[in-house]
Amino acid sequence: MAEKKPLPVRVESVDTRELSIGAGLVLFSFLMPLMFNVDNFFVLRSLSRALRLGEKTDLMVAAVQLVALNSIRGIPHYVGAYFIGESVEFRIEGRGEGRSAWLINSLLIILTLQVTYWGIGEVHRIHYDFGLPAFLVCSFVLLFRRLDYQYIALYKKALLIVLFLTSFQFLDVMPALVGLPVGRGETSWDIKMASAVLEGEMVLNAVALVGAALFLLFGLLIFSQLKDENTLRELSFLREQNQAIRTQAQLNEMKNRTYQEMQYLVHDLKSPLTAVQTLVGVIKMECEMEQRAQDVEYLTRIEGAVEQMSGMISDILYEDQRTLVSTQSLLGVALAQSSVSGYALYIHVDNRVPEALVSANRILFPRALVNLMQNSAQAIPEGREPAIWLKVDREQTPEGSAVVFTVSDNGTGIREEDRQEIWGRGVSGRRSSGLGLAFVGSVVEKMGGEIRVCSKAGKGAAISIVVPEGGTER
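Below is a summary of the structure that appears in this document. (Residues numbered from 1 in each chain as written. Predicted model: local features only at pLDDT ≥ 70, side-chain atom pairs only at ≥ 80, totals over all residues. Heavy atoms only, no water.)

What to know about the overall build of the protein
Here comes step 1: In terms of helices and strands, the protein carries 13 helices and 9 strands.
Here comes step 2: Each of the 474 residues in the protein was classed as buried or not, and the buried ones make up 40%.
Here comes step 3: If you take every contact in the protein between residues at least 6 apart in sequence, the share linking residues at least 24 apart comes to 74%.
Here comes step 4: When the accessible surface of the protein is totalled, it reaches about 26,900 Å², and 59% of it is carbon and sulfur. (Helix = DSSP H or I, 4+ residues; strand = E, 2+ residues; numbered from the N terminus. Buried < 20%, exposed > 50% of the residue type's maximum accessible area, 1.4 Å probe, protein only. Contact = heavy atoms within 4.5 Å. Areas by Shrake-Rupley, 256 points an atom, 1.4 Å probe, with all protein chains shown as cover.)

A word on unusual backbone geometry
Here comes step 1: Positive phi values are uncommon outside glycine, yet Glu199 reaches one of about 55°.
Here comes step 2: By secondary structure assignment, the location of Glu199 is in the loop between α8 (186–197) and α9 (201–289).
Here comes step 3: Phi at Gln291 takes a positive value of approximately 55°, unusual for a residue other than glycine.
Here comes step 4: Considering the arrangement of structural elements, one finds Gln291 in the loop between α9 and α10 (293–317).
Here comes step 5: Residue class for Gln291 comes out exposed when judged on its relative accessible area of 71%.

What about the layout of surface pockets?
Here comes step 1: Space inside the second largest pocket adds up to approximately 590 Å³.
Here comes step 2: What lines the second largest pocket is a set of 26 residues, among which Asn70, Arg73, His127, Tyr128 and Asp129 lie closest to the centre.
Here comes step 3: Every element with two or more residues in the lining of the second largest pocket is listed here: α4 (56–87), α6 (132–147) and α8.
Here comes step 4: For the lining of the second largest pocket, the leading source of residues is α4, giving 6 residues.
Here comes step 5: By residue class, the composition of the lining of the second largest pocket is 10 nonpolar, 11 polar and 5 charged. (1 Å grid on protein atoms, 1.4 Å probe; cavity = no way out; pocket = protein on both sides within 12 Å on 5 of 7 lines; lining within 4 Å. Points joined across faces, edges and corners; volume = space filled by probe spheres on them. Nonpolar A, V, L, I, M, F, W, Y, C, P; charged D, E, K, R; others polar.)

Some points on the sheet that holds strand β4 (residues 347–351)
Here comes step 1: Taken together, the 5 strands give an open sheet; going across it, the order is β4-β6-β7-β9-β8, and neighbouring strands pair in mixed fashion. Strand pairing shows two members of the sheet lacking a second neighbour, β4 and β8 (450–456), which therefore form its edges. Ignoring strand direction, the axes of neighbouring strands in this sheet form an average angle of 20°.
Here comes step 2: Bridge analysis of strand β7 (residues 400–409) against strand β9 (residues 460–468) gives 7 bridges, and the strand direction is antiparallel. Paired with Ala402 across the bridge in β9 is Pro468. (Pairing = 2+ DSSP bridges. Axes fitted to C-alpha atoms, helices over the stretch in contact; angles between N-to-C directions.)

Some words on the packing of aromatic side chains
Here comes step 1: For the structure on display, the rule yields 6 aromatic pairs.
Here comes step 2: Taking 6.0 Å as the distance between ring centres and 75° as the angle between the ring planes, the aromatic pair formed by Phe36 and Phe41 counts as edge-to-face.
Here comes step 3: Among the residues examined, Phe41 registers a relative accessible area of 17% and is labelled buried.
Here comes step 4: With a centroid separation of 6.0 Å and an interplanar angle of 55°, the aromatic rings of Tyr82 and Phe83 are classed as tilted. (Phe/Tyr/Trp six-rings, centres within 6.5 Å; stacked < 30°, edge-to-face > 60°.)

Let's talk about helix α7 (residues 154–169)
Here comes step 1: Its 16 residues place the ends of α7 23 Å apart at the C-alpha level, agreeing with the 22 Å of an ideal helix rising 1.5 Å per residue.
Here comes step 2: Counted residue by residue, α7 has 12 buried out of 16 residues, so it is predominantly covered. (Expected span 1.5 Å × (residues − 1).)

Let's talk about the pairing of strand β6 (residues 388–397)
Here comes step 1: In the sheet, β4 pairs with β6 via 5 bridges, with the strands oriented parallel. Bridge assignment links Asp350 to a residue of β6, and that residue is Lys391.
Here comes step 2: Pairing geometry for β6 and β7, over 10 bridges, is antiparallel. Across the sheet, residue Ile388 finds its bridge partner in β7, namely Asp409.
Here comes step 3: The antiparallel hairpin formed by β6 and β7 contains 2 residues in its connecting segment.

Topic: the pairing of β9
Here comes step 1: Among the 9 residues that make up β9, 8 are buried, leaving the element largely enclosed by the rest of the structure.
Here comes step 2: Hairpin connection, β8 to β9: the antiparallel pair is bridged by 3 residues, and Gly458 has positive phi, about 80°.

Details of the side chain of Ser87
Here comes step 1: In this fold, Ser87 is placed in helix α4.
Here comes step 2: Engagement of the side chain of Ser87 in a polar contact is seen with the backbone oxygen of Ile84, the distance being 2.8 Å. (Polar contact = N/O pair within 3.5 Å; in protein donor to acceptor, adjacent residues only side chain to side chain.)

Quick look at the side chain of Asn410
Here comes step 1: Structurally, the position occupied by Asn410 is in the loop between β7 and α13 (436–446).
Here comes step 2: A polar side-chain atom of Asn410 sits 3.1 Å from the main-chain amide nitrogen of Ala387.
Here comes step 3: Residue contacts for Asn410: discarding those within four places in its chain leaves Ile380, Arg384, Glu385, Pro386, Ala387, Lys459 and Gly460.

Quick word on helix α5 (residues 102–124)
Here comes step 1: If you check α5, its first and last C-alpha atoms are 33 Å apart, about what 23 residues at 1.5 Å a residue would give, namely 33 Å.
Here comes step 2: Listed in full, the buried residues belonging to α5 are Asn105, Ser106, Ile109, Thr112, Leu113, Thr116, Tyr117, Gly119, Ile120, Gly121 and His124.
Here comes step 3: Against the buried residues of α5 lie α1 (16–29), α2 (32–35), α4, β2 (88–92) and α6.
Here comes step 4: Positive phi appears at Arg125, one or two residues downstream of α5, with a value of about 55°.

Observations concerning the environment of Ser338
Here comes step 1: With respect to the helices, strands and loops of the structure, Ser338 is situated in helix α11 (residues 327–338).
Here comes step 2: Sequence-wise, Ser338 and Met373 are 35 residues apart; in three dimensions their C-alpha atoms are separated by 8.4 Å.
Here comes step 3: Other than its neighbours up to four places away in sequence, Ser338 contacts Tyr343, Ala344, Ile347, Val370 and Met373.
Here comes step 4: Polar contacts involving the side chain of Ser338 include one to the main-chain carbonyl oxygen of Ala334, which spans 3.0 Å.

Some words on the pattern of salt bridges
Here comes step 1: Scanning the model with the defined rule gives 14 salt bridges in all.
Here comes step 2: Residue Glu290 is joined to Arg292 by a salt bridge in which the shortest nitrogen-to-oxygen separation is 2.8 Å.
Here comes step 3: The class for Arg292 is partly exposed, based on a relative accessible area of 36%.
Here comes step 4: Of the charged contacts, one joins Arg352 and Asp393 as a salt bridge, the two residues approaching to 3.6 Å between their closest N and O atoms. With a gap of 41 residues between them, Arg352 in the loop between β4 and β5 (357–360) and Asp393 in strand β6 connect regions that are remote in the sequence.
Here comes step 5: Residue Arg352 is classed as exposed on the basis of its relative accessible area, which comes to 55%.
Here comes step 6: Judged by relative accessible area, Asp393 falls into the partly exposed class, the value being 31%.
Here comes step 7: Residues joined by salt bridges that share partners form a network here, namely Lys156, Glu229 and Arg233. (Salt bridge = Lys/Arg side-chain N within 4 Å of Asp/Glu carboxyl O.)

Structure, rendered in structure tokens:
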């Protein structure tokens, strides 16, 4: 029988901000024993006063002071451990898409707490007892991590941890729990022994129980509120996603309807052009028979122009229509379409292979270049003189010779994390539909080409379209 291999675990994402805050809090916890201790919290003074005067009130004060001290010193490492555990998203492959390995996050939280307890003990020679209160707080933190309230602010999560931490710290000073792993610290034992001497065990138990119940109740109320808030925020996020999907569907429907109507219109234009071609051919034959050379020349030019217009209409009507066309011709169409735009004066052209031929749609490919130039113009911030370069060159690839069309600018650039997403439909960093770059990607894909992106933050971007040189018409 084959041995069952363990499922591989991978790190899906890391929230560096949350991880930094968590690590900072854990490091800060090493300073807490220096800043807060039984002396500057006057725990021992209140306890001594209670024994000296026989006052149970001072005993209660000493107990509350110890609870406050332990809670304050515990806040950084409990909250920090939770943030560290939550900052890393683990995934288990092979168990369905999106299966979160939350148990690994829980082990990371426990490991962080244990290492922190050990480190504080080594540095300050103070024993932090990992007893029942610590276990309860850790259990709550793990439960909170399991619920994955991703729409709740960090400070609200921290507040909830503080409330539960304070609630469970009251268990350390309850004499009724002596037999349990609770309150095994030196000062906790002193308070419980003093309660026995002063016959205040019942009162101390009652005060500790009320304190634990109050903070626990506050924590549960806030926990319930955060649960509702997370649900509402999640529903709001889903509504926004659904609205975006509906909007995109409407845009696609409008685009399809417009394209369909354009097809009908373009198809109707083919009929009169065919008639013109036929009439020109008949008249040309008559002129040739009558040897009217000048008229034949004019009619030949008209015939060529009609054929060119017919080909352009075919390129619009059939998206997959491709013709062998020179780079000079493609750039001429693209620049003609851009000539009415405000950025036309800032376009610099450098075509090093004007005679090179590519198999392209004579209408759609120039439109793709225009879209890139428009994006470049929009990426240039106000106050900076625009510079848009349209360069064409040849390069050798393993598949053969290729022509590279590059549109570059001196704009704000494209962030590294956005370079893959910008080609999706509906993705736009400006007030537009986000269809332009998706259109560019679609045109290049149909030509069997590829797109390259090079960018420097704040200095500009260069997008290159690499298509095979030559090819066939269809």
